[in-house]
Structure formats: C-alpha cells, structure tokens
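Examination of the molecular architecture
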Amino acid sequence: MEQEIPIDETGIEAGSSYDSSAERTKKRALLIQHTDNTSITTKIPVYLEWYGISYSILQENMNVQKNKESELESGKIKLSILENIHGCANPGEILAIMGPSGCGKTTLLNLLVDRLGNKGVQGTITINGLKPTKKSMRCLAYCTQDDVFFPQLTVKDTLTFTARLRLPRDVPYHDKLKRVDAIMQLLNLTKSAHTKIGDYRIRGISGGERKRVSIASELLTDPGVIMLDEPTTGLDAALALELIKILKEFAIQQRKTIIIVIHQPSSQVFEIVDKLMLVCDGRMVYFGERANAADYLANQGFKCHPNYNIADYILELLTDDKSKQQLIDSYAHQVRDDPTGKQVVEKYSHRKRDDNNMKEAPSILEYDYRGPTFAQQLSILIERTFKQSSKEILSTIELSQMFGLIVMFCLIWFRIPFTDKGIHDRISSLFSIIVIWSFGTFFEAVTTFPMDLDMLSKERYSHSYRLSAYFLSKQIAELPLIILKPAFFTIVIYWVTGLLPDFGRFLAYLAVILINSLASQGFGYFLGASLLDVQKCISAGTVFMLAFTLLSGFYVKHLPPGLTWLKYLSFMTYTFSLNLQIQLDTPKAQFQCSSPESGHVYLCELLGYNNTIPGTVVLENERYTELSCLLFYVK
Ligand SMILES: Nc1ncnc2c1ncn2[C@@H]1O[C@H](COP(=O)(O)OP(=O)(O)OP(=O)(O)O)[C@@H](O)[C@H]1O
C-alpha cells in the first residue's frame, strides 16, 4: 500500500533549526520516497563527464584588451571564456561548481546542456560514456539563474501544467497531481500554492519562493541530471541548507546526478556537497572530492584557519590576483601529463568502464520517453493560455477601461437624432468603434509572442511541446477572450447611440466589428511573431495602425493620384465601408431635414432635399468586396 503523506500547511518556518529536526529529516525522506514511484533514474543512473572543454567568442577588439596573438584579420579578437575545463558528475552525488563572478560557471552549464551551439566550442562531453543525443539530452534538466514563469498562474497551476506537459503520458493524471503536492511540500511551497507567481507589475510570491518553484518544476519532471545555477540565491541560510539537504536526499534515494553552481555557501551547505570544482578566469583551479579541498589548498601554501568557513576562504583566494594565479598555475602543472583532463575524470567518475557495464549506457538511449500526444499538448496549452490570458485580457484595469469608453460614448453620442444634422456624428461614432477595437485588439496581440518568448524558449529547450501546438493553442484560447470585450461594447453602444433600429442590421454590424477585431488580432500576431521584440512591435505597430486609420476613408477622401491603391491595404477601409452600408443602404435609413440655421449648411440643403434625405444618398458608392478582403486579415 502506498503511504499517504499528510500535507503540512505550516511547513517549516524560515530561520528554524532544520539540522536538529529529526522529524523533518524523516518527513523529507518519506516525501522523496513518495515521488519515487514514477522515477526512471532510480533504474537508469546518469553519469555526465566532460574534458578538454574550451569555449571562445569573437568580439570587436575595441571592447576588450588587445591580445596580439588572438587578433583576427576581421578586426575581431578571440576572447577565451573557458580553457581546458574537465570534470564529472556521478549519480547519488552533488557536484558544486564554485568561482568568482564572471569566471565562466554559467557558460559551462550552458555548454553541458548544449545551449551554445558548436561555434567556438571544443572538447568532449559524454552521457554514460556516449556522445549526447537528442534522446539522452532529455535526461538533463537545467534550472537557470533567471526564472521565467507566467505571472498570472498560481504556484500550483504552474507546477501542475509542467507535470502534465513534461511527465510521460502513461503516468496517470492523479499521480502527476500527487507528485506536484509532494514536491510542493518538500520545497515548503504548500503555503503559497494558491498565490500568483507575479512579476514587476503583479504582486506575487517572494524571490526565494520563485527560486523554489523553478527548482520544483525541474525536480518533478524526474530528470537524471539536475543542473542548478545558483539555487540558493535569495534564500536565507536556513532555507538554503534545507534545499541542499533535499537535493542530497534526491541524489541518494533516486540516484540523481546533481550539479550546482553556488556562490558563498555556508559551512553546513559546503559539508553536504560531495565533489568540488573550482574555476577562476575560465580555468581550472581544483577538481576532486570536496573533503580533500582544504588539504589541497594547504599543500599549495593556503591553509584555512579551522574557525574560518572554507568556502569563504576559497573565494577570497580566487579573488586575489596573486593567489589565484598561483592556484591556476599549480593545477595546470599537476595535470601537465593529462592535457584534456581525461585521466582526472576517469579517476573521479564512478562509471565502470568495463564492457559489462555498458548495458547501463544504451538503456538511457533506448529509454523511450513518450510525452503527451499532440492533442493532449494542445488541450493542456489551451487550458493554460486561457487561464493566463483571461486574467490579463479581462483584468480589472482592462474592464474599467472598457466601461470608461462606454460612459464616454454615452455622454458624447447618446441617441443621435435621425436628422441631417446628426449624420456626421453618426458616421463618426461608427468610425470610432472601429478605431477603438482595432487598436485595442492589435496591441493586445502584438506583444503576445515577444512577451512569451522567454517562456517559449525555456519550454522548447526542455522539449515540453511542439511549436505548432503552442501557436494553435494561443489562437484558440485567446479567440473568445479577444471578441468578448468588443462584443459587449458594441451591443451596448449600438442601442445607446441610436443606430438603425433593425435587429438583422444590428447582427450584421456586430459581426463586422468582431471580424475586424479578429483581423486586427491576426495582424498583431503576424507583426509580433515577425519582430519578436516588444519595443519594436509597439513602435512599428503604432505606425502601421495610424496609417491604416488615415487610409480607411474617414479622414482622407481623396488620396494623391497614384496612391489611391494604398487604402486597400487597410483592413479598416473594408470595415468602415461595410458598416456605412449596413447603416445607410436601406429605405429604413431616412434622415429628417433640419430647418436652415445661419452659418450652417446641412446635407438636405446642399443636395436639395426638403423633408427627408435617404441613407442611400448619403452613402458613398463603395460596396465591392469588403467582407472577403476583411476576412483575408483574420488569418
Ligand atoms: N556571449 C558573450 N559575449 C561576451 N562575453 C561573454 C559572453 N558569454 C559570456 N561572456 C563572458 O564570459 C564570462 C563568464 O560568464 P558567466 O556568465 O559564465 O560567468 P559566471 O561565472 O556564471 O558569473 P556569475 O557568477 O556572475 O553568474 C563573463 O566575463 C562574461 O561577460
């Protein structure tokens, strides 16, 4: 029988003493056991090894110190970021990578997960002794320094969607949910399960909680290797220690391979780590057992005082020019007969290298990961997009803006009279609705892709779904949301402003406004996906939309000769023309002639009508193919 772990709402208070809490240790072990049922790595451990790794980039030589030897003909110079780096990470262990800021730790992680491409990269990386493949790379999870999330989703929603998208399809739904609950308990996130993630605009969870959500997202997908870039940043000392203990427990119980980049660990955190890799200025300073690091440094003439935190001491040594150079040189001297560091890796790797053990390696490559089907991905993404976008599109600010516009319309155009005096106001109100919902929908759509880009690339790196599923889900989920506001607005305004009291024409009018909104959305998506930059999208979008407004036939009736075709580029031209026809092209549209006023000449007087003037006379003769042209913009 599976053991149920009661959800502890209180979790652990920051600052409490975890170390002495035997109960907490027991509970942590139980919770990890609880996530064990679906773990693949328990059966297939993953050994990651790398040696001879160098990475360089080309840079304009004005930005960096001139180095004659590396200067290239193109005027660029080769900037070495990493030089001959080696190391390995074993299942059941934590490897800590330490070094001063800018020494290349993040670059190394990016290289290990193949995020930098091949340019400027040298060296060998193996997974279970074999060259990484697309399939075996699935075993690597990477938790970056900058966490990206959908701000409107809660912690639980975020983790649940991740589990549904990334766990194999044969894991039952309720097991996925159980796993999410267990991970939340483990990382002390149960208290904030229903809090929004938030961002700079929306108040959400704290920075430390954000970090833990990011780690939870990776842990729950059951990778063989977990790489974490500064996982303890933003956590207080007690939470940092608890997190490292959790990672260690995962490593031991589920045979996970854990690599962490860590800045200034407390001595307790440092003690938990198994292997240590020290890097400085992109070069090796030490690789080996963490427990031997102090002796190694002492042998180099840098003995740490017993009362001093060894991790702090290491960082002090690596930031001092003299000591760091001495340490880099002595390590290079030590491995002088092993140019790539392969022998060092072989010494510290626990992977058995005899033929018998090779059965472990193919198994990871043969492991047939079967994630959600395309249809499942689509439905999960639609649900997620709807949850995220509905809160944005129908936010209080957005709804207040709409009600504000309704009030403004009511004040300006309340029951426009059916007189020749009111014709201009009537046409202006028709045009204003088009402008409002063209701009509103366009600017909602144009920023969608650029704003999702970080999230999209993060999830694409982890092969969470197919790109087509993402695009399709976006369109489907946002469609009802995009048309909801213009539909409500038009229904109210049509009757308040006193447009033609004919139900059929009202429906036609509403349909045209909604199609216009979809056309505007389609154009917004197109521009957003082409430019993929919020600033560029807003600048270019403003120019395009203003041009479309000016060309739509309301402001400019006579374009300069040779440029008249420009008006056909604007989807607003068709919408405006169609709505004019709906309102005017009927015998029901009759406008009373006003009595002459001094200083004003109205349409009746101008065209020689005495009692009423028909709408058809008012209508400009533009009824060709507006609807089909408008539909072109929708997709
Ligand atoms: N594409 C790039 N162009 C220019 N410089 C780069 C590029 N990538 C990395 N660098 C440089 O390489 C060095 C290593 O960067 P990296 O981010 O790996 O350091 P880090 O050790 O992770 O630093 P931190 O601890 O501050 O995160 C830095 O000096 C960085 O400016």
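Residues numbered from 1 in each chain as written. Predicted model: local features only at pLDDT ≥ 70, side-chain atom pairs only at ≥ 80, totals over all residues. Heavy atoms only, no water.

A few words on the site of the ligand. Around the ligand sit 14 residues in total, of which Ser101, Gly102, Lys105, Thr106 and Thr107 are the nearest. Between the ligand and threonine 106, the relevant distance is 2.6 Å, taken from an oxygen atom to a side-chain nitrogen or oxygen of the residue. Isolated, the ligand exposes 630 Å² of accessible area, and the fraction of that covered by the protein chains is 59%. At 3 residues, the largest contribution of residues to the shell around the ligand is made by helix H2 (residues 105–112). Residues of the shell around the ligand, tallied by class, amount to 4 nonpolar, 8 polar and 2 charged. (Near = heavy atom within 4 Å. Polar contact = N/O pair within 3.5 Å; in protein donor to acceptor, adjacent residues only side chain to side chain. Areas by Shrake-Rupley, 256 points an atom, 1.4 Å probe, with all protein chains shown as cover. Helix = DSSP H or I, 4+ residues; strand = E, 2+ residues; numbered from the N terminus. Nonpolar A, V, L, I, M, F, W, Y, C, P; charged D, E, K, R; others polar.)

Turning our eyes to something else, we now look at unusual backbone geometry. Despite not being glycine, asparagine 188 shows a phi value in the positive range, around 55 degrees. Take asparagine 188: its relative accessible area is 12%, and that puts it in the buried class. Positive phi, normally seen in glycine, also occurs at aspartate 281, with a value near 50 degrees. For aspartate 281, the position within the fold is in the loop between strand S8 (275–280) and strand S9 (283–289). (Buried < 20%, exposed > 50% of the residue type's maximum accessible area, 1.4 Å probe, protein only.)

This next bit is on the state of the cysteines. A full pass over the atoms with the stated rule returns 1 disulfide. Disulfide partner of cysteine 593: cysteine 604, at an S-S distance of 1.9 Å. Disulfide cysteine 593 to cysteine 604: torsion about the S-S bond roughly -75 degrees, handedness left-handed. Residue cysteine 593 is located in the loop between strand S10 (590–592) and helix H22 (603–607), and its partner cysteine 604 is located in helix H22; the two are separated by 11 residues in the primary sequence. Classification of cysteine 593 by relative accessible area gives buried; the value is 17%. (Disulfide = S-S within 2.5 Å.)

Our next topic: a nonpolar patch on the surface. Side chains of Val407, Met408, Leu411 and Ile412 sit close together on the surface and give an oily, nonpolar patch of about 410 Å² of accessible area. Note that leucine 411 resides in helix H15 (residues 396–413). The exposure class of leucine 411 is exposed, given its relative accessible area of 69%. (Patch = residues over 30% accessible without salt bridge, like charges linked within 9 Å, V, L, I, M, F, W, Y side chains within 5 Å. Salt bridge = Lys/Arg side-chain N within 4 Å of Asp/Glu carboxyl O.)

Turning our eyes to something else, we now look at the nonpolar core. One finds Leu48, Trp50, Met227, Ile259, Ile260 and Met277 to be the most contacted residues of the largest nonpolar core, which totals 97 residues. Ranked by residue count, the leading element in this core is helix H7 (residues 237–254), at 9 residues. Among the nonpolar cores identified, the runner-up in size contains 50 residues, and Leu405, Leu430, Leu514 and Ile613 belong to it. (Core = buried A, V, L, I, M, F, W, Y, C linked by side-chain atoms within 4.5 Å.)

On to helix H16 (residues 423–446). Because the α-helix completes a turn every 3.6 residues, residues three or four places apart line up on one side. Between its terminal C-alpha atoms H16 stretches 35 Å, which fits the 34 Å expected from 24 residues at 1.5 Å a residue. The buried count for H16 comes to 17 of 24 residues, which makes it a mostly enclosed element. (Expected span 1.5 Å × (residues − 1).)

The subject of this paragraph is helix H5 (residues 173–186). Taking 1.5 Å per residue, 14 residues should reach 20 Å; H5 reaches 20 Å between its end C-alpha atoms and fits that length. Lys176, Arg179, Val180, Asp181, Ala182, Ile183, Met184, Gln185 and Leu186 are the residues of H5 that are buried. Asparagine 188 sits one or two residues past H5 and shows a positive phi near 55 degrees.

So, about the UniProt feature "transmembrane region" (unreviewed entry) in the protein. Under the UniProt annotation, "transmembrane region" (unreviewed entry) lies at residues 399–418, 430–451, 479–500, 507–526 and 538–556. Taken as a whole, residues 479–500 contains 82% helix and 0% strand, while its terminal C-alpha atoms sit 28 Å from one another. For residues 538–556, helix accounts for 74% and strand for 0%, while the C-alpha atoms at its two ends are 24 Å apart. (UniProt positions renumbered as here; feature names shortened; annotations may be inferred.)

What follows is about the packing of helix H10 (residues 310–319) against helix H11 (residues 321–334). Relative to each other, H10 and H11 sit at 95 degrees, their axes nearing to 5 Å. One finds that H10 runs roughly perpendicular with respect to H11. Counted together, Leu317, Leu318 and Thr319 of H10 and Asp321, Ser323, Lys324 and Leu327 of H11 form the full contact between these two elements. Each residue belonging to the contact of H10 with H11 can be placed in one class, and the counts come to 3 nonpolar, 2 polar and 2 charged. (Axes fitted to C-alpha atoms, helices over the stretch in contact; angles between N-to-C directions. Parallel < 35°, antiparallel > 145°, perpendicular 65-115°, else oblique. Contact = heavy atoms within 4.5 Å.)

Another point: the side chain of aspartate 452. Within the secondary structure layout, aspartate 452 lies in helix H17 (residues 448–461). With a relative accessible area of 10%, aspartate 452 lands in the buried category. Leave out the neighbours within four places in its chain, and aspartate 452 touches Phe150, Tyr470 and Lys474.

Now for the packing of H17 against helix H19 (residues 503–531). Between H17 and H19, the least distance of the axes is 7 Å, while the angle of their chain directions is 45 degrees. The orientation of H17 relative to H19 falls into the category oblique. Where H17 approaches H19, its residues Thr448, Phe449 and Pro450 are matched on the opposing element by Tyr525, Gly528 and Ala529. Split by residue class, the contact of H17 with H19 holds 4 nonpolar, 2 polar and no charged.

Attention now goes to the pattern of salt bridges. Scanning all chains against the criterion turns up 19 salt bridges. Aspartate 281 is the partner of lysine 324 in a salt bridge, and the nearest nitrogen-oxygen pair spans 3.2 Å. In this pair, lysine 324 is assigned in helix H11 and aspartate 281 in the loop between S8 and S9, connecting sequence segments 43 residues apart. Lysine 324 gets classed as buried once you look at its relative accessible area, which sits at 14%. Look at aspartate 281 and you get partly exposed, because its relative accessible area is 44%. Here glutamate 478 and lysine 474 are joined by a salt bridge, their closest N and O atoms 3.5 Å apart. One end of the pair is glutamate 478 and the other is lysine 474, both in helix H18 (residues 467–496) and 4 residues apart, which spans about a single turn. For the pair glutamate 478 and lysine 474, a shared accessibility class is recorded, and that class is buried. Through salt bridges that share partners, Glu93, Lys275 and Glu289 make up one connected network.

Our focus in this paragraph is the packing of aromatic side chains. Counted by the stated rule, this structure contains 30 aromatic pairs. Pairing phenylalanine 449 with tyrosine 525 gives two aromatic rings, centres 5.3 Å apart and planes at 35 degrees, and the pair type is tilted. With phenylalanine 449 in helix H17 and tyrosine 525 in helix H19, this residue pair connects regions lying 76 residues apart in the sequence. The pair formed by phenylalanine 449 and tyrosine 525 is uniform in burial state, with each residue classed as buried. Aromatic ring contacts, followed pair by pair, group Phe439, Phe442, Phe443, Phe523, Phe544, Phe548 and Phe571 into a single cluster. For the cation-ring pair, arginine 115 lies above tyrosine 461, with the distance from its terminal atom to the ring centre recorded as 4.1 Å. When the ring centre of phenylalanine 418 is taken as origin, the NZ or CZ atom of arginine 426, which lies over that ring, is 3.9 Å away. (Phe/Tyr/Trp six-rings, centres within 6.5 Å; stacked < 30°, edge-to-face > 60°. Lys NZ or Arg CZ within 6 Å of the ring centre and 35° of its normal.)

In this structure the tally under the stated criterion is 5 cavities of 30 Å³ or more. A volume near 140 Å³ is recorded for the largest cavity. Taken together, 15 residues form the lining of the largest cavity, with Thr162, Arg384, Met455, Lys458 and Glu459 sitting closest to its centre. Contributing elements (two or more residues each) for the lining of the largest cavity: helix H4 (155–166) and H17. Ranked by residue count, the leading element in the lining of the largest cavity is H4, at 5 residues. Residue classes in the lining of the largest cavity are distributed as 6 nonpolar, 5 polar and 4 charged. (1 Å grid on protein atoms, 1.4 Å probe; cavity = no way out; pocket = protein on both sides within 12 Å on 5 of 7 lines; lining within 4 Å. Points joined across faces, edges and corners; volume = space filled by probe spheres on them.)

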